[in-house]
Amino acid sequence: MSRLNVTLEEKEKEKDKDEETEMEKKKERCSAASTANDTPHSLSQRLNLGPSVMALETSPSPSSNGANLLSLPWEIVTQIASHLPAQCVIDVLPQVCQTLGKIGEDRLMWQLRAQKLSGPKALFPVGPKEDFDWSQACLEMEQLIGCWTGLENRGEGERQEEAVVGANGEVPSAERNLEEMQLDVDLNGAAEAGDENMQVQSQNAPDSLNLIESSSTSSPLEHIILPSGHIADVNCVLLLGGTGALCASGSRDRNVNLWDLRDGSRGTLMHTLAGRGTISTHRGWVWCLASSGPLLASGSFDSTVRLWDLEAGGAERGLIQCKAAVLCLSCERDTVLAGSHDQRLNIFDTRAADPLVQSLHLHSDAVLCLVSDDQYILSGSKDKTVALFDRRAGKLLQKVQLSTYLLSLCHSGREVWAGDNRGLVHTFSLHNSCLTPISHFNIHRSLVTGVHSSHGTLYTCSSDRTIKIHLPCAPPQTLCTLHHQAGVNGLSVEGGTLAIASGDMNVEVWRLRN
């Protein structure tokens, strides 16, 4: 009986001990929960975040000593984040926690990053800073630097250039004037371009295989030359499809070719656009291309604008008859704007039986380039002026007189970049219905035939046989110069893909490797 009592007492003691152990565990869990609940409040004090922000915050697990990244002062956290790629700050940090996601909303952090990328002495952006998308600009600049820095090539064309370049880095005026004279011949020939007997002209085309490749196996970019599709100089090129999946090219052989860049390692010629009852796209040189959605427009020296439906495989959609050679185009949904040799800028509604909506006489010489959006039309002319037209008010707002004439224009946000006939690249600010010249820079040695800009990128090409990639600051920071064997007549950029139209009858493409 006594042994039974001893056994029962021992069991009672073991039970009491187990209950004490369980109570200790509960206390520890409560303490941990209390610590976790206290963390957001301490973070809100350290990071100066309001209670509404912290109410949504998912707190990171605290370390045993209470020290973690978010316990640091906010200035140090943003300084640490400045060493991360912009892509990581924009896409990854918001997935970690909401507090780190707030770093991407720090405008000052992006401004400091942009200054570091462009250089402390450069002006960036060149246009107004209000409402400027700093994060997108930094993302684009970092991607541009990663793809193009140091991607140079050096071929026979460059050595020939050096033989004629003066000590001050400029092409002698006699050679530059010769190229301008050739352009004048081309433009003057536009007045008679409706003649079906006009001969196809081209430069002697060197073997494209002799072009020194600018991309190597270690480069993030691949360089391809599209299969032979034209028999004369390619005057214009346009990337389509939103990601550069398709490419259109217009040539002095009077044709527009449509290419599929997704098919094969070098792209595939889908077909040559042609209207009903015709064997070529146009009856004169194809000088310009523009698109909006499924609409593709081609302008020619035959004084017509032809419309093509990309959703129907490039089927003919319509024909617009103009009164002179069409030298530049812009598309806005179902509206086409055409600048022509007769000093006119015509606005057409592609849906109407009589498509001409308005004919503007803003210049005293041929209209060579134009850009437009839903509010403004900007046009450059051989009369050495740039005109700013308000579409909503229906009136000319301003004309800026230059000492040279513009051949290429690009409008990005409130910035305008343009290239002229003397190798200069001009930049303007477009703000409050006013076009203000900011500066101009010696970038090329001859005609600047193409310009493309965005928040963080700037591409230019020239008849001096070069393509240059820059950061869009003032002065532009050139990351890369590609040397070509022939003059470059135009460029197009879309989704990180660059395409050029060259005087050796080729279309060439630089794109990210798969």
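In what follows, the structure referred to is the one given above.
First things first, this report covers the structure right here in the doc.

Thresholds, definitions, all that
- Residues numbered from 1 in each chain as written.
- Predicted model: local features only at pLDDT ≥ 70, side-chain atom pairs only at ≥ 80, totals over all residues.
- Heavy atoms only, no water.
- Phe/Tyr/Trp six-rings, centres within 6.5 Å; stacked < 30°, edge-to-face > 60°.
- Helix = DSSP H or I, 4+ residues; strand = E, 2+ residues; numbered from the N terminus.
- Buried < 20%, exposed > 50% of the residue type's maximum accessible area, 1.4 Å probe, protein only.
- Lys NZ or Arg CZ within 6 Å of the ring centre and 35° of its normal.
- Contact = heavy atoms within 4.5 Å.
- Polar contact = N/O pair within 3.5 Å; in protein donor to acceptor, adjacent residues only side chain to side chain.
- Pairing = 2+ DSSP bridges.
- Axes fitted to C-alpha atoms, helices over the stretch in contact; angles between N-to-C directions.
- Patch = residues over 30% accessible without salt bridge, like charges linked within 9 Å, V, L, I, M, F, W, Y side chains within 5 Å.
- Areas by Shrake-Rupley, 256 points an atom, 1.4 Å probe, with all protein chains shown as cover.
- Salt bridge = Lys/Arg side-chain N within 4 Å of Asp/Glu carboxyl O.

Further remarks concern the packing of aromatic side chains. For the structure shown, the criterion picks out seven aromatic pairs. Aromatic pair W148 and Y459: ring centres 6.5 Å apart, planes at 85°, arrangement edge-to-face. Note that W148 is positioned in helix α8 (residues 134-148) and Y459 in strand β23 (residues 458-462), a separation of 311 residues in sequence. Accessibility classification places W148 together with Y459 in one group, the buried group. Grouped by ring-pair contacts, the aromatic residues F124, F132 and W134 constitute a single cluster. When the ring centre of W285 is taken as origin, the NZ or CZ atom of R252, which lies over that ring, is 4.2 Å away.

With respect to the helices and strands, the residue R317 is situated in strand β9 (residues 315-321). For R317, a relative accessible area of 35% translates into the label partly exposed. Residues R317 and R351, 34 residues apart in the sequence, show an inter-C-alpha distance of 9.9 Å. In this structure R317 touches L295, L307, W308, D309, D334 and T350, once residues within four positions along its chain are discounted. In terms of polar contacts, R317 uses its side chain to reach the side chain of D334, at 3.2 Å.

Our focus in this paragraph is unusual backbone geometry. Cis peptide bonds are those with omega within 30 degrees of zero, and the linkage from F124 to P125 qualifies with -10°. On the secondary structure map, P125 appears in the loop between α7 (107-118) and α8. Here the residue pair A474 and P475 is connected by a cis peptide bond, since its omega of 0° sits within 30 degrees of zero. Mapped onto the elements, P475 comes out in the loop between β24 (466-471) and β25 (477-483). A positive phi angle, close to 65°, is found at S303, a residue other than glycine. Tracing the sequence through the fold places S303 in the loop between β7 (295-300) and β8 (304-309). Positioned with a positive phi, Q343 is a non-glycine residue whose angle comes to about 75°. Structurally, Q343 is set in the loop between β11 (335-340) and β12 (345-349). Relative accessible area serves as the criterion here: at 26%, Q343 is assigned to the partly exposed category.

So, on to the sheet that holds strand β28 (residues 507-512). Strand order in the open sheet formed by four strands is β1-β28-β27-β26, with antiparallel pairing between adjacent strands. Every interior strand has two partners, whereas the edge strands, β1 (221-225) and β26 (488-494), have only one. Averaged over all adjacent pairs, the angle separating strand axes in this sheet is 15°, with direction ignored. Sheet topology note: the β1/β28 ladder contains five bridges and is antiparallel.

It is worth spelling out a nonpolar patch on the surface at this point. On the surface, L69, I76 and I80 cluster together to form a nonpolar patch covering roughly 230 Å² of accessible area. Mapped onto the secondary structure, I80 falls in helix α3 (residues 74-81).

Without other data, these values stay purely geometric and don't point to any function.
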